[in-house]
Amino acid sequence: MLNKPILSRTGLNSHQIKALQVALDQKRRGEVIDVPAGKSYGAELEVLVKMGEDMTKRFTRDFQAESWPVHFVLLDSKISNAYAYWMASFEVICMTTTLAREIDELCDDVARYLVNHAGNVSGFSYLRDIELTIEVKSASLKGLLVQGVMAFFVGHEAGHLLAGHKPVVLAAAAGAGGDLQGEKDPEFEFFVDDFIAEVASKNEGAGVHSLRLNAHEIDADVQGFSLTARFWLELQEVTQSGVKWPAEAALLPAVSSKPDRLLLLASTGAAIAMSLMGFKQFKGDWNKQETHPLTAVRCVVGLAVLANRLADRPQERLTLQLQGECIEALSLVHSRLASILLMAAKADGEYSQVAQMLKDKPEDQQLGVMFHATGVAQAVALSNDVVKFLAELLREFKACAPERAKAIRVPQEMLVEWSAVVSTP
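Residues numbered from 1 in each chain as written. Predicted model: local features only at pLDDT ≥ 70, side-chain atom pairs only at ≥ 80, totals over all residues. Heavy atoms only, no water.

Engineer: Looking at this structure, I do not really get the overall build of the chain. What am I missing?
Structural biologist: What the chain contains, in helices and strands, is 15 helices and eight strands. Taking the principal axes of the C-alpha coordinates as reference, the chain spans close to 60 × 50 × 50 Å. A burial count over the chain gives 55% of its 425 residues as buried. Relative to all contacts within the chain whose residues are 6 or more apart in sequence, the contacts with residues 24 or more apart total 73%. (Helix = DSSP H or I, 4+ residues; strand = E, 2+ residues; numbered from the N terminus. Buried < 20%, exposed > 50% of the residue type's maximum accessible area, 1.4 Å probe, protein only. Contact = heavy atoms within 4.5 Å.)

Okay, here's the thing in structure tokens:
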């Protein structure tokens, strides 16, 4: 019985699927889609799920042999979110079908816009010189953007695990009233990490601010973006090996031919991922969030790390003065979000506060409205305050080093150390 083959595409046995479903049911997070091994998730979702499966394996390939394997699981749910469940005898990264479809739709929108509208001043202007049909270009660029989005979601959770966060996060979450559920049966003990945590609660302020949890979420982002950068650099190395690419992948050599192109593509994927997590107002308590720092803060920090690692720089202190490619990526995604918000509002006649502000502003001022609405403008303007916040998080993170030591799953030299310095004009 112990050697019974796994019959599920998830890589889980029937008992593990049952245990995961019990945990999911406690907050109605969705139903496990249990596709038989060797079968497809269907034309709509197969490509994205395959990326999730492959990246989960890639990002955990250096884990010590005795580590639990990490599985990628798709959930049927109307909720837009992704979760990581750390169960008693296995670990999974879950993504809902709603979030998967949103990733597909936004990446499709951005890709089609770029293929049709990339002007001379755009870092994507090279797309016009590639001799492919608009349809093939759009599909190829969309696929690359989806990889960039999936790299963030999978990389963040792999970052938690490889850096040994489990014992610290479990203890901190329990102390802060976190989502830690225990049962008499050890198989049903679990912890869940919401990827989209800051917009999931309707009762803001009811939880307890945990500096320790915030610190480990930032570290998971840092480690995750380091993994993401390694993914893109490895892909770049393959493109330079003389491999002949099929037409649908013809963009990859062009993207990989110059560092600025690669950074722009990777940053656009990361910006799309962050936008799907939702943004919350940047106000007085921006540095007092319960478990996860504001998305705007994570966005600025994450893009700084991504640029640093793609440049293959040694581990060093970060400046939060974003590179031009990162700013272009953020501007592009914010612009597309503004268009989508306005189109949706015009279609149903219901204008949110942001949509109304966009409607009332001239087109050349709408991007500024979006940057302010998401808090990214404030995070950049207050970068010195963000640096001070990171220093506070780093002190808390280092204080937990003894607790993490035995749980680290990769060689110590693979972990990225982080801090930040005040930006200079």
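Engineer: What should I look at first to understand the confidence of the model for the chain in this one?
Structural biologist: Should the pLDDT be low somewhere, the predicted coordinates at that spot are not to be read in detail. In the predicted model, the chain carries a mean pLDDT of 88, and 90% of its residues have values of at least 70. Predicted confidence is poor over residues 181-186, with pLDDT under 50, and the contacts of this stretch with residues over four places away or in other chains come to nine contacts. Here residues 198-206 scores under 50 on pLDDT; set against residues more than four positions off or in separate chains, the count is 13 contacts. (pLDDT = per-residue confidence, 0-100.)

Engineer: Would you explain the environment of E396 in this entry?
Structural biologist: Looking at where E396 falls in the secondary structure, it is placed in helix α14 (residues 383-399). Separated by 181 residues in the primary sequence, E396 and A215 have C-alpha atoms spaced 6.8 Å apart. Not counting the four nearest positions on each side in its chain, E396 is found in contact with L211, R212 and A215.

Engineer: Just checking my understanding: could you explain the environment of S352 for this structure?
Structural biologist: For S352, the location among the structural elements is in the loop between α10 (324-348) and α11 (353-360). Spatially, the C-alpha atoms of S352 and E102 are 19 Å apart, while their sequence positions differ by 250 residues. Within the local environment of S352, its side chain forms a polar contact with the backbone nitrogen of A355, the two atoms lying 3.1 Å apart. (Polar contact = N/O pair within 3.5 Å; in protein donor to acceptor, adjacent residues only side chain to side chain.)

Engineer: Would you mind going over the pairing of strand β4 (residues 91-96) with me for this structure?
Structural biologist: Every other side chain in a regular strand lies on the same face of the sheet, so the side chains alternate between the two faces. Of all six residues in β4, six are buried; the element is thus mostly enclosed. Where strand β2 (residues 70-76) and β4 come together, six bridges link them in parallel fashion. Its bridge partner lying in β4, H71 is registered against V92. Here strand β3 (residues 82-87) pairs with β4 via five bridges, running antiparallel. Bridging from a neighbouring strand, A82 pairs with M95 of β4. In this antiparallel pair of consecutive strands, β3 and β4, the connection spans three residues. (Pairing = 2+ DSSP bridges.)

Engineer: Can you walk me through the pattern of salt bridges in this structure?
Structural biologist: Should the charged atoms of two oppositely charged side chains come close, the side chains can pair. Counted by the stated rule, this structure contains 18 salt bridges. We note a salt bridge from D62 to R230, for which the minimum N-O separation is 3.2 Å. Of the two residues, D62 sits in the loop between α2 (46-59) and β2 while R230 sits in helix α6 (residues 211-239), which places them 168 residues apart along the sequence. Put simply, E396 and R212 hold a salt bridge, and the shortest N to O gap is 2.7 Å. With E396 in helix α14 and R212 in helix α6, the pair connects residues that are 184 residues apart, well separated along the chain. Through salt bridges that share partners, R58, R61, D62, R230 and E234 make up one connected network. (Salt bridge = Lys/Arg side-chain N within 4 Å of Asp/Glu carboxyl O.)

Engineer: Help me out: how do you make sense of helix α3 (residues 97-117) in this one?
Structural biologist: An α-helical segment advances 3.6 residues per turn. Residues three or four places apart therefore align on the same side. Under the 1.5 Å per step criterion, the end-to-end length of α3 is 30 Å for 21 residues, consistent within 8% with the ideal 30 Å. Of the residues making up α3, those classed as buried are T97, T98, L99, A100, I103, L106, C107, D109, V110, A111, L114 and V115. (Expected span 1.5 Å × (residues − 1).)

Engineer: Could you clarify how one ought to interpret helix α12 (residues 366-374) in this entry?
Structural biologist: Three or more residues of α12 are buried, namely Q366, V369, M370, F371 and T374. In this structure, the buried residues of α12 make contact with α9 (295-310), α10, α11 and α13 (376-381). One or two positions beyond α12, positive phi appears at G375, with a value near 90°.

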